[in-house]
Amino acid sequence: MNNTSEPNVDAARWAPEQSAPHQAVLQRLQALLPAASVITDHAGLRPYETDGLTAIREMPWVVVLPETEAQVAEVVRCCAQHGVPVIARGAGTGLSGGARPHAQGVVLGLSKMSAIEKIDIENRVAIAQPGVRNLAISQAAQQYGLYYAPDPSSQIACSIGGNVAENAGGVHCLKYGLTVNNVLGARVVLADGSIVELGGALYDNPGPDLLALLCGSEGMLGIVTQVTVALLPTPETKAVLLAGFSKVVDAGNAVAEIIGAGIIPAGMEMMDKLAVQAAEAFAKAGYPLDAEAILIIELDGAAAELGALTEQVTRLLRANGAYQIDEAHDASTQARLWKGRKSAFPAVGRLSPDYLCMDGTIPRKALPSVLTEIDNISQTFGLAVANVFHAADGNLHPLVLFDANEPGQTDKAMAMGAKILEACVAAGGTITGEHGVGVEKLDTMCVQFTSAELEQFFRLKTAMDPEGLLNPGKGIPTLTRCGELGGMHVHNGRLPFPELERF
Amino acid sequence: MAFDAASDLIDQIKAAGQRNQKLLIQGHSSKRGWLASSRGDDVLDLTSHQGVLQYQPEELVITARAGTPLGVIEETLAERGQMLASEPPCLAANTSRSGTLGGAVASGLSGPGRPWLGAIRDAVLGVELINGAGEYLRFGGQVMKNVAGYDVSRLQAGAWGCLGVMSVISLRVQPVTEQEWTLSGAMAAEAAIDLCADLGRRNLPITANCWYLGVLYLRLSGNASGVTAACESLSAVGLNRTDAVPDLWRQLKNHEHRFFHRENASKDDSTSDTIVGSRPKLWRVVAPPAAPVPSFLTTPERDLLTLWSGGLRWFYHDEADAVLDYSRAVGGWCWALGEAMPLEAAHQQIIQHLMAAFDPHGVFANPLGLGPKAASTFGGGAS
C-alpha cells in the first residue's frame, strides 16, 4: 500500500523558502524557541549536514534545539500539521547515516536535553534525557558502585537517545547485552506529537514489546525524550588476556571452545594480522606482530570467582594453539592491551587515506569461511581489508582500505563492502550488527529481506507514522530501489541455484 | 524447509481470511486460565508444528518450531549443560501439555531470574512469522547483534499472537552454572526488599530471590569458588545456606509453589481457593523493586510473595480498586489473573494500529481482546 519511504509531502516538491507550509512551520518554531535554538544560516547548519558517516551529506533546511519534552512534542506536532519531515539527531556519531538531514526537513537536535534526571540507587536505574552522553551515565553512577553496561566505542560522545535509536552495542554485549537489553523505559513523542510512556523502572510490561520495537528504529517510529536504563554493580575485579595464534582458524576454535565450556567472557575480541600490525604501530600495545590473529579476552566478576575462571580460559587458549598468552591484572596493563583494539580504526586509518567500516554479524562457527571469502573478495576488488571482530557475539567489522581521491575507488569500496555483507547474510548472519541501516545499508537490506518482509516493515512504519514524516528515506529500502538493483535475495545461506558460480 | 512445514498453517489462515473467520492460535492451552478467554471460529493448532531445527551449543542459540513443548527445549539444552536463562514458566509441568515455545514467547512471561538473567524478550533473536494475510516472513536471525529492520521479533513477546502466528523461533541460550546454592534468612517483607536493594549493588552472583512466609530466599549461581565465597560473606546479613526446599526455584518458575495453590497452603484456611475464577483474587503486580509493601495487605506473610528483589509481587486481595491505586501510585502495573491484561489507552491505540499492519482483517482472535484499527492521518494531534 505504501511502497515509498520518501516523505508523502507536497511541500517537498518546492524549495522550502517558497513553500507556504515551510514558512508556517518556521514561524511557529521561531515563536516556540529562543532565536539561538532555531538555526537557519548556512554556517550554523553546516555541522549538521552529516553524522559519523561523512561520505553522505545533505544540508538541512532548519535545525532546532529544543530543551524540553513539550518543545519536542510541539515541533513534531507543528511539522506534522504542515507535512514537513523531522529528523531526530543525538550526538551525530552514528555510522550509517541515520541522522543524515533532509533538504526539506527539520533536524531536531536533542543535544540540549542533556540532564541526568535521577540516579535511583534503590531501584538501580538511571533516568536520563536523550542528549545525555553514554559515558556520563556511568560516571554519575560511579559513586554508588554502579554503571551502565553498553559501551559503544563512541561512548565518550554518543548520546543515550541515539543509542536507543540505533540499539547500540559495544565490546561487552555477549555478557551484558545491547541497548535493548538494558533499557527499561522511555518517554516517546510519536509522529502526531502525542507523548507516550513505555515501561519504567519495571522488569516487564503488558502487551507487545513496544519498547523493543523502538530500540533500533532509527528515529522512524518516534522520538525519545527520556530513557530509563538499568544500572549494574561495577565488577569488583577484571582480568585481560592477550593470546597470539599462528592460524586464524585456531583463534576461531578457541572462541568456540571457551563458549562451549560454559564461559561467558565480558569481552572477547579478535583482530587479524593487518589490524594487529596497524594497531601495534599506532598504540604500542605489545601485540605479537607475527601472529595471524590475536584474541583479547576480558573476564570480570567477584575476586573469588576470577582466579579459577582465568586458569580455565588460559588452558583452553593453550589447547587451541595459542603460542603466546599475556595476562593483565593491573589496570594500566589492561588499558594498554585494550588500547590497541580500541584504536584499531584510527590505526587502520593511518595505513590508508580512507577506510570503510562494515558491520556484518555471522554465526561464530562461520568465521573461518567468511574470512576466507572476504580475502577472496579483497583480491577480486584489489582493495585491502583489515578485520576487527567482536568474536564473542559474532559481530565482524571488516575495514575496507581505499583512497577517495583515486577516481572510482569510493564506489569500488562501497561495492566491495556490499559483497562482504552478502557473504555475511549467506553465512546465516546479518548486514548490520550494531551500526544500523541508516542510508548506508539500504541496498544491502534488499539482500537480506524479501519484498513481502519489506512491505511488512512499511506497513509497520505507516501504522506508527501514517504520513511518513519521521526520518523519511532511512532504514527500509523501497521495493522500487531493490528492483532497480536487481538485488539477489540470500537467506539463511540458501542462494537461489547454489550450484552456479557467482562473481 | 520451515516454510514447507508451515504450509498447513498458511492455508488455514488464508482460508479463514476468505471466509471472514477468526482463528484462535493455540498451543498447549496451559495459560488458558491466565487471561480472559477469547473465542475464535476455529482453532489454529500449533502442537503438531514442533521440533528443534538447529542447536549448536557453542553458538548459544536454539532454533525450534513454535509448537515444540518447552519441556523438550529444556531437556535438549540440559543435555549440553545449557538452559533458557529467562526460565519461562511450564505450567502443569508434570503433564505433556505444559506449554510450548511459541506460548512462552507470545506471553512474554519470565521466571525468577529475570532481573539478572534477562527476560524472554531479551533472549529472542529471530522469528519466522505468518501474518494475517498468510505471508511467511522472517525477522531477526540467529545472531545476537542484529539491527537490520525493525525488531519485529521481540515485538512478539507479550503480543499473545495479536500480530501474527510465530512458526519458528530462535532464542539465545545460556550455560548452566557450575554451582547453585540457596540461602535463606527470616525477616519481614520490608526488610527483605531493603536488603535485596543493598545486595543488588554488590558484586554477588545472585540470580534470583523470593520472599514468602517471613523468609527471604536467595539463589547464588556461578563457579564454585565465587558461590562459596559469596555464601560466606552473606552470613553477616543473616542469610545462610539451606536445603529446606530443594526445588524452590523450579516450583516458583512453574507456579507449582504452594503459594499459587491456596487450597494447599494451610489446613485452617476455610476457603479452598484455586488460582483462577475464585476469591480472593490473585494479583500479579510489577513495581519498581524498592516500592513499599502495600499497606492494605493485613497478613502479608500469608498473602504476599515477592520475586525480582520486589519488582514482582504476587498477592491475594479482593479490592481491585485498592490494588489499582497502589500500582499506579508506585509507578507499576497490576493484572488480576484470569482477567484481561490491563493496557493503557495510548498503548492500546498503538497496538491496534500495529494489528492493522500485521493482520488488517483481524484473522487472529487474541486474548488481549483488541481488534485492528487503521491509523488515521494524525488521529489526535493535528487538524
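With respect to the confidence of the model for chain A
- In the predicted model, chain A carries a mean pLDDT of 91, and the fraction of residues at 70 or more is 94%.
- Contacts from residues 1-13 of chain A, a stretch scored under 50 in pLDDT, to residues over four places away or in other chains number 31 contacts.

Some details on the side chain of T478 of chain A
- Turning to its location among the elements, T478 of chain A is positioned in the loop between α17 (451-464) and α18 (479-485).
- There is a polar contact of 3.0 Å between the side chain of T478 of chain A and the backbone nitrogen of R481 of chain A.

Observations concerning the state of the cysteines
Residue and element names in this part refer to chain A.
- With the rule as written, the count across this model stands at one disulfide over all chains.
- Disulfide pairing is shown between C446 and C482; the S-S distance is 2.0 Å. Sign of the S-S torsion, about -80 degrees for the bond between C446 and C482, identifies this disulfide as left-handed. You can see C446 sitting in helix α16 (residues 442-448) and its partner C482 sitting in helix α18, a full 36 residues away along the chain. Judged on exposure class, the residue C446 and its partner C482 are both buried.

Some points on the interface of chain B and chain A
- Chain B puts 78 residues into the contact, and the matching count from chain A is 95 residues.
- For the pair chain B and chain A, the summed buried surface comes to about 7,100 Å²; carbon and sulfur atoms form 60% of the total.
- Per-residue buried area on chain B facing chain A is highest for K145, V147 and Y150 of chain B; these three make up 14% of the total on that side.
- At the junction of chain B with chain A, the criterion picks out five salt bridges.
- A salt bridge links K145 of chain B to D393 of chain A; the shortest N-O distance between them is 3.2 Å.
- Our count for the chain B to chain A interface comes out at 34 residue pairs in polar contact (both at pLDDT 80 or more).
- When residues in the side of chain B that touches chain A are grouped by element, the largest group, eight residues, is from helix α13 (residues 345-358) of chain B.
- Of the residues in the side of chain B that touches chain A, the class split is 41 nonpolar, 22 polar and 15 charged.

Some points on the sheet that holds strand β10 (residues 179-186) of chain B
All names here are of chain B.
- The sheet built from eight strands is open, its strands ordered β13-β10-β12-β11-β15-β16-β14-β17 with antiparallel pairing. Edge positions in the open sheet fall to β13 (240-241) and β17 (333-336), since each of these has one partner strand only.
- Direction of pairing for strand β15 (residues 304-307) relative to strand β16 (residues 312-316): antiparallel, over a ladder of four bridges. Along β16, the bridge assignment pairs L304 with F315.

Notes on the pattern of salt bridges
Residues and elements named next belong to chain A.
- Tallying each qualifying case throughout the model produces 30 salt bridges over all chains.
- Of the charged contacts, one joins E74 and R28 as a salt bridge, the two residues approaching to 3.1 Å between their closest N and O atoms. A residue pair is termed long-range when its members are at least 10 positions apart, and E74 in helix α3 (residues 69-82) and R28 in helix α1 (residues 20-32) qualify at 46 residues.
- Using a relative accessible area of 16% as the deciding quantity, one classes E74 as buried.
- With a relative accessible area of 33%, R28 lands in the partly exposed category.
- For E74, the salt bridge identified is with R77, shortest N-O distance 2.6 Å. With E74 and R77 both in helix α3, this residue pair falls three residues apart, about one helical turn.
- Given the relative accessible area of 26%, R77 is considered partly exposed.

Details of the pairing of strand β10 (residues 223-230) of chain A
Residue and element names in this part refer to chain A.
- Most of β10 is tucked away, with eight of its eight residues classed as buried.
- The pairing of strand β6 (residues 125-128) with β10 spans four bridges and is classified as antiparallel. Each residue of the ladder has a partner; that of I127, found in β10, is T228.
- Sheet topology places strand β8 (residues 183-189) next to β10; six bridges connect them, and they run antiparallel. Bridge pairing in β10 links V189 to I223.

So, the side chain of K145 of chain B
- Residue placement: K145 of chain B occurs in the loop between β7 (136-140) and α7 (152-155).
- On the basis of relative accessible area, K145 of chain B is assigned to the buried category, the value being 0%.
- A distance of 3.2 Å separates the side chain of K145 of chain B from the side chain of D393 of chain A, its partner in a polar contact.
- With sequence-adjacent residues up to four places away left out, K145 of chain B is seen in contact with G169, G170, C173, L178, T361, H390, D393, N395, T430, T432, G433 and E434 of chain A.

Focus: the packing of aromatic side chains
- Applying the stated criterion across every chain, the model contains 15 aromatic pairs over all chains.
- Look at F345 of chain A and Y355 of chain A: their rings are 6.3 Å apart centre to centre, the planes differ by 65 degrees, and that puts the pair in the edge-to-face class. Remark: Y355 of chain A occurs in strand β16 (residues 354-357) and F345 of chain A occurs in helix α13 (residues 344-351); sequence separation between them is ten residues.
- Relative accessible area serves as the criterion here: at 16%, F345 of chain A is assigned to the buried category.
- Residue Y355 of chain A is classed as partly exposed on the basis of its relative accessible area, which comes to 29%.
- Taking 5.2 Å as the distance between ring centres and 65 degrees as the angle between the ring planes, the aromatic pair formed by F457 of chain A and F139 of chain B counts as edge-to-face. Here the residue F457 of chain A occupies a position in helix α17, and F139 of chain B occupies one in strand β7, the pair thus bridging two chains.

As for the sheet that holds strand β6 (residues 124-130) of chain B
All names here are of chain B.
- Taking strand neighbours across the sheet as the criterion, the five strands line up as β3-β4-β8-β6-β7 in an open arrangement whose pairing is antiparallel. In this open sheet, the two edge strands, each paired with only one partner strand, are β3 (52-56) and β7. Direction aside, the axes of adjacent strands within the sheet are offset by 10 degrees on average.
- Across five bridges, the pairing between strand β4 (residues 61-65) and strand β8 (residues 165-172) is antiparallel. From the neighbouring strand, I62 faces β8, where its bridge partner is L171.

What counts and how
- Residues numbered from 1 in each chain as written.
- Chains lettered and ligands numbered in written order.
- Predicted model: local features only at pLDDT ≥ 70, side-chain atom pairs only at ≥ 80, totals over all residues.
- Heavy atoms only, no water.
- pLDDT = per-residue confidence, 0-100.
- Contact = heavy atoms within 4.5 Å.
- Helix = DSSP H or I, 4+ residues; strand = E, 2+ residues; numbered from the N terminus.
- Polar contact = N/O pair within 3.5 Å; in protein donor to acceptor, adjacent residues only side chain to side chain.
- Disulfide = S-S within 2.5 Å.
- Buried < 20%, exposed > 50% of the residue type's maximum accessible area, 1.4 Å probe, protein only.
- Buried area = accessible area lost by both parts, 1.4 Å probe.
- Salt bridge = Lys/Arg side-chain N within 4 Å of Asp/Glu carboxyl O.
- Nonpolar A, V, L, I, M, F, W, Y, C, P; charged D, E, K, R; others polar.
- Pairing = 2+ DSSP bridges.
- Phe/Tyr/Trp six-rings, centres within 6.5 Å; stacked < 30°, edge-to-face > 60°.
- Axes fitted to C-alpha atoms, helices over the stretch in contact; angles between N-to-C directions.

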